[in-house]
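Spelled out from the first residue to the last, the chains are:
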Amino acid sequence: MADPRLLELRDVTVTFPVRAGPWRRVAGQVRAVDRVNLSVASGESLGLVGESGCGKTTLAKVAAALLKPSSGEVWFEGERLSAMTGSRLRQMRRRWQLIFQDPANALNPRFTVRQAIEEPLIIHRLDGTVADRRNTVAALLDKVGLAETFADRLPSELSGGERQRVVIARALAVQPRLLICDEPIASLDVSIGAQMLELLRDLQRREHLSYLFISHDLRSVASMAHRVAVMYLGAVVEVASTEALFRVPWHPYTELLLRSAFQPLSAQGVAGGEAPSALHLSSGCRFRARCPLAEQICVDQEPALIPKNPPYEPALRLAPPSVGLAQGSASPRLVACHKRP
Amino acid sequence: MARPRLWHNRLAAAGLTIVGLLIVVAAAAPLIARHDPSAIDLLHPLDPPSGQHWLGTDSLGRDVWSRWIYGARISLEVGVIAVGIALLIGTLIGAMAGYYGGWIDSVLMRCVDVMLCIPTFFLLLAVIAFLQPGIGTIMVVIGITGWMGIARLVRAEVLTLKEREFIQAARGLGASDARIILRHLLPNAIAPILVAGTLGIGGAILTESALSFLGLGVQPPTPSWGNMLIEAKATLGVAWWLTVYPGLAILITVLGFNLLGEGLREQWGRR
């Protein structure tokens, strides 16, 4: 039987060199993504939330194989992408597609809508004749709710929402299994964004798509995702089913996020401070500077993700390093740290 | 759409007119010329301008008007083809350097730096010393000594374009490097490349004239403005028309291309 997991990130770390000084020497390494383990199952929507700068987009690029991880592995349908290069990888690319944050930038300004949507068909030799391609473009435009009359327009002649629909149609052209949506509605206004989410949900049903849905907006993630991963400073600090995560957040950072999203400012209490720089990560837990529960042990040791089943098991602040990701238990919840009951 | 706005810019319009006229004259040379440009008439050397010979005759009795018109043909041909070669090399090298980055970029750009360190004219003379002078040689030589600026320009364009998401999107769709460069990067960088090319044509014509003047360019009897000038040098005191007209032609042509290039640059609003 095929692996139910479509996309799997194993211990993925991405570091960028920081250059400084007159000779632009490497002065340090920024860990944009730090030992992330995630998987997206077939037909599933995995949400990924976190504040800006926490490495969400970098992770999206790694997942879409647009960026090679510094260490760790990316697997897709049982094949190891991080070992692939050249034409082999290019052929694999039709199995997943990336939806970008800013559709104005994601379309070549010189391509008409038709040319943009035809390009993947031509690259992967999916439609032989010009007439076939015409029909396919019309069908794809229809799928995303655009009339065929849009086909001969340029991106500059479209609204933001229409552009994003074209980007989605282009992605669907290769019949992907997975769409990686990197803040797909962040650049759209609220009502258009809501329509876009509706379209994505609709497409999931009809095309059996899986999503890696990345957003800083908890509301849209809540409406899209089956499971949610919370990212903080490059690391995933909690993974849980959407329902469980929104009902009882376990990690103090998740709680902070939820509070800031769903409560009026006056009720939020202490703002919780700024995230420290990813360039100078201190020892121990990366969240401890802002954590209301920080103790001495948080300075000494960094928590690892451990599977937990709600509700309240005996408090386990730090997992032994040997405990990795467990799959398959009824409702596994992965937390690095949680409040004592 | 480009036309009307270009026409509103007076200097650009003047440039376009000059270049347009020049192209018409060069294309229709056999119709406009009143004599064979190489026909020697030893009975009428150094005739001043007259009804028979509009711009007079040279020391061999050849019709200056006809030679002048055929010279326009040569100059345009040399200018366009030399710049075409320079554009081809410069675009290829600049696009590769900008797109691949890393050590490829370093190596290619250091080559550009080295080429730029050598005085162009000295380089031209050195290259020509090893080759047969002639119109083909001169095109190639001007081309291979003039691509560095274009390479830098294209590299800079590609560097900024490369970060745009539609390039990432194309990569994500499985497009090959060649496809990304040819279909996505270069078409979006075409405006500054065309400006550089237009400005380059003026320079190439000037270089051709200078080389021909030194006897290293277009070889007689093929007329070019440059070799018309050197032939006129000996009789400078008695036949002013032999130097003034080719000189004016060079001046106006280079001016025309520069005005047009500047106009395009203003219109497309970059660098």
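Everything numeric here is computed off the predicted structure, so don't read it as measured data. (Residues numbered from 1 in each chain as written. Chains lettered and ligands numbered in written order. Predicted model: local features only at pLDDT ≥ 70, side-chain atom pairs only at ≥ 80, totals over all residues. Heavy atoms only, no water.)

A. Local environment of the overall build of chain B. Along its length, chain B carries 13 helices and zero strands. Tracing chain B from N to C terminus, the helices and strands come up as α-α-α-α-α-α-α-α-α-α-α-α-α. Overall, the C-alpha framework of chain B stretches about 75 × 45 × 25 Å when taken along its three principal axes. Out of the 271 residues in chain B, the part that is buried amounts to 48%. Across chain B, the fraction of contacts at a sequence separation of at least 24, relative to all contacts at a separation of at least 6, is 70%. (Helix = DSSP H or I, 4+ residues; strand = E, 2+ residues; numbered from the N terminus. Buried < 20%, exposed > 50% of the residue type's maximum accessible area, 1.4 Å probe, protein only. Contact = heavy atoms within 4.5 Å.)

B. Structural detail: the packing of aromatic side chains. Residue and element names in this part refer to chain B. This model, assessed by the stated rule, comprises seven aromatic pairs over all chains. For the ring pair Trp65 and Trp68, a centre distance of 5.8 Å and an interplane angle of 15° mean the geometry is stacked. Placement of both Trp65 and Trp68 in helix α4 (residues 64-100) is noted, with a separation of three residues, approximately one turn of the helix. Judged by relative accessible area, Trp65 falls into the buried class, the value being 16%. Plain terms: the ring middles of Tyr99 and Tyr100 are 5.1 Å apart, the flat faces sit at 80° to each other, and that makes the pair edge-to-face. Its relative accessible area of 10% is what places Tyr99 among the buried residues. (Phe/Tyr/Trp six-rings, centres within 6.5 Å; stacked < 30°, edge-to-face > 60°.)

C. Seen up close, the interface of chain B and chain A. Contacts between the two partners involve 17 residues from chain B, matched on the other side by 21 residues from chain A. Linking A:Glu119 and B:Arg179 is a salt bridge whose minimum nitrogen-to-oxygen distance equals 2.9 Å. At the junction of chain B and chain A, the tally comes to 11 residue pairs in polar contact (both at pLDDT 80 or more). The set of elements that each furnish at least two residues to the side of chain B that touches chain A consists of α9 (165-172) and α10 (177-188) of chain B. The biggest single contributor to the side of chain B that touches chain A is α9(B), with six residues. Tallied by class, the residues present in the side of chain B that touches chain A amount to six nonpolar, six polar and five charged. (Salt bridge = Lys/Arg side-chain N within 4 Å of Asp/Glu carboxyl O. Polar contact = N/O pair within 3.5 Å; in protein donor to acceptor, adjacent residues only side chain to side chain. Nonpolar A, V, L, I, M, F, W, Y, C, P; charged D, E, K, R; others polar.)

This is a description of form; function is not addressed.
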